[in-house]
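This is what each chain is made of:
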Amino acid sequence: TTLLLSMIITYKYCHFAHAECGGCHGESHVGELIRVGELCEDAGRLNEAIACYEKAYAIEPLSRALFLFADVLIKTGQAARAIRELVDVKSGKPQMTSLNWQGKNAWIESSLARAYEAGGRNTEAEESHRKATLLLPTSDALWYHLAYFLMTRNRYEEALSCFHRSIELAPNNGRSLEGAGAVLFGTGEEEEALPYFRRAAMLMPDQVYTQLNLANALGRVERSREAVVAYRRVLALAPGHGEALCRLLYFSLHCCDWSDYTLLVRAVLALVDAELRAMRLPP
């Protein structure tokens with residue numbers, strides 16, 4: 001797969017070089033640059049992704065390339081550069097009030113918030129997150145970003161309110177449902193958290209952490225048989241998941257489920273043995 005990606009990327013770069021010599025700088029060229037940038041990201045070639053996105057956004061400053069460019073800068077520890085680029089675009093664009101422009105302004109603020117956050121400038125990050133929701137109050141994703149920011153700073157009541165706003169706008173936003181469940185679970189309201197975790201797990205059946213959240217919540221409220229089923233779902237997605245294995249063994253014993261007791265004990269003992277070996281100092 002890596003070789004195939006490398007071949008595709010190399011071919012695309014040759015195509016771009018030819019197109020640029022011919023003066024091809026249109027919208028389709030921007031789209032191609034973005035696609036190659038995404039291929040580079042998938043292959044872990046982040047510097048090349050940056051180069052592609054930077055070229056694309058130089059051609060069309062308010063395209064999706066701007067936000068992809070900023071995100072990769074943040075991933076590579078260049079939050080300060082991401083902030084500079086976003087502030088330059090924000091200050092240099094026309095001040096228009098149409099819905100389309102308000103939407104673009106909102107996403108610029110959201111991207112800027114993540115860059116501020118990565119740079120440790122939390123006051124400015126919160127200000128940008130809030131500006132984004134004011135500019136585009138109908139976006140469930142922007143309310144989710146603000147809620148998550150607040151949750152990670154232990155401002156649970158405000159976070160829950162924002163998660164609820166996101167869910168009102170998009171009842172099937174699994175991340176917001178999971179976030180609301182996490183806030184309630186973390187503040188000791190485990191029973192209230194369960195419906196959110198159940199809904200999130202149903203909407204995101206392939207997400208290991210989402211299934212684990214549900215399993216842990218069921219275990220906390222002593223619904224052992226349901227917890228066993230939920231931990232089995234986690235292990236179906238991630239067979240060697242240590243926490244799920246240990247908790248499945250515990251809750252299986254708790255509700256006298258002996259169906260695969262021997263296999264579980266062996267798996268947990270192998271896990272413990274591997275952990276002990278990893279902790280041993282070399283001779």
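Attention in this report is confined to the structure presented alongside it. (Residues numbered from 1 in each chain as written. Predicted model: local features only at pLDDT ≥ 70, side-chain atom pairs only at ≥ 80, totals over all residues. Heavy atoms only, no water.)

Some words on the packing of aromatic side chains
Given two aromatic rings, one states the distance between the centres and the angle between the planes to describe the pair.
Next, step 1: Tallied over the entire structure, the rule returns 6 aromatic pairs.
Next, step 2: Between Tyr-144 and Phe-163, the ring centres sit 5.9 Å apart and the planes meet at 50 degrees, which makes this aromatic pair tilted. Of this pair, Tyr-144 sits in helix 8 (residues 140–151) while Phe-163 sits in helix 9 (residues 156–169), placing them 19 residues apart in sequence. Each member of the pair, Tyr-144 together with Phe-163, is buried.
Next, step 3: Their ring planes at 65 degrees and their centres at 6.1 Å tell us that Phe-185 and Phe-197 sit as a pair that is edge-to-face. On the criterion of sequence distance, the pair formed by Phe-185 in helix 10 (residues 174–186) and Phe-197 in helix 11 (residues 190–203) is long-range, its members being 12 residues apart. (Phe/Tyr/Trp six-rings, centres within 6.5 Å; stacked < 30°, edge-to-face > 60°. Helix = DSSP H or I, 4+ residues; strand = E, 2+ residues; numbered from the N terminus. Buried < 20%, exposed > 50% of the residue type's maximum accessible area, 1.4 Å probe, protein only.)

Quick notes on the side chain of Ser-128
Next, step 1: Position of Ser-128 among the secondary structure elements: in helix 7 (residues 122–135).
Next, step 2: A distance of 3.1 Å separates polar atoms of two side chains, one belonging to Ser-128 and the other to Glu-109. (Polar contact = N/O pair within 3.5 Å; in protein donor to acceptor, adjacent residues only side chain to side chain.)

Details of the pattern of salt bridges
Next, step 1: All chains considered together, the criterion is met by 21 salt bridges.
Next, step 2: Among the salt bridges present, the one from Glu-48 reaches Arg-45, with a minimum N-O distance of 2.6 Å.
Next, step 3: The class for Glu-48 is partly exposed, based on a relative accessible area of 25%.
Next, step 4: Arg-45 gets classed as partly exposed once you look at its relative accessible area, which sits at 23%.
Next, step 5: Between Glu-109 and Lys-90 there is a salt bridge; the shortest N-O distance is 2.7 Å. One end of the pair, Glu-109, is in helix 6 (residues 99–118); the other, Lys-90, is in helix 5 (residues 79–92), with 19 residues separating them in the sequence.
Next, step 6: Connected through shared salt-bridge partners, Glu-126, Arg-130, Arg-155 and Glu-158 make up one network. (Salt bridge = Lys/Arg side-chain N within 4 Å of Asp/Glu carboxyl O.)

As for the state of the cysteines
Next, step 1: With the rule as written, the count across this model stands at 0 disulfides.
Next, step 2: With no disulfide of its own, Cys-52 lies closest to Cys-40 among cysteine sulfurs, the gap being 4.7 Å.
Next, step 3: Cys-52 sits in the buried class, given a relative accessible area of 1%. (Disulfide = S-S within 2.5 Å.)

Section: helix 7
Next, step 1: If you check helix 7, its first and last C-alpha atoms are 20 Å apart, about what 14 residues at 1.5 Å a residue would give, namely 20 Å.
Next, step 2: If you check which residues of helix 7 are buried, you get Ala-125, Glu-126, Ser-128, His-129, Ala-132 and Thr-133. The arc that holds every buried residue of helix 7, seen down its axis, measures 165 degrees, which confines them to one face. Away from the buried face of helix 7 by more than 90 degrees, exposed residues Thr-123 and Leu-134 are located. (Expected span 1.5 Å × (residues − 1). Arc of directions from axis to C-beta.)

Here's the deal with the packing of helix 8 against helix 9
Next, step 1: Interaxial distance between helix 8 and helix 9 falls to 8 Å at its minimum, and their mutual angle equals 165 degrees. Considering their axes alone, helix 8 and helix 9 lie roughly antiparallel with respect to each other. The way helix 8 lies across helix 9 gives a crossing that is left-handed. Note on element contacts: helix 9 touches helix 8 through Tyr-156, Glu-158, Ala-159, Cys-162, Phe-163, Arg-165, Ser-166 and Leu-169, opposite Asp-140, Trp-143, Tyr-144, Leu-146, Ala-147, Tyr-148, Leu-150 and Met-151.
Next, step 2: A breakdown of the residues in the contact of helix 8 with helix 9 according to their chemical character gives 12 nonpolar, 1 polar and 3 charged. (Axes fitted to C-alpha atoms, helices over the stretch in contact; angles between N-to-C directions. Parallel < 35°, antiparallel > 145°, perpendicular 65-115°, else oblique. Left-handed = near helix turned anticlockwise from the far one by under 90°. Contact = heavy atoms within 4.5 Å. Nonpolar A, V, L, I, M, F, W, Y, C, P; charged D, E, K, R; others polar.)

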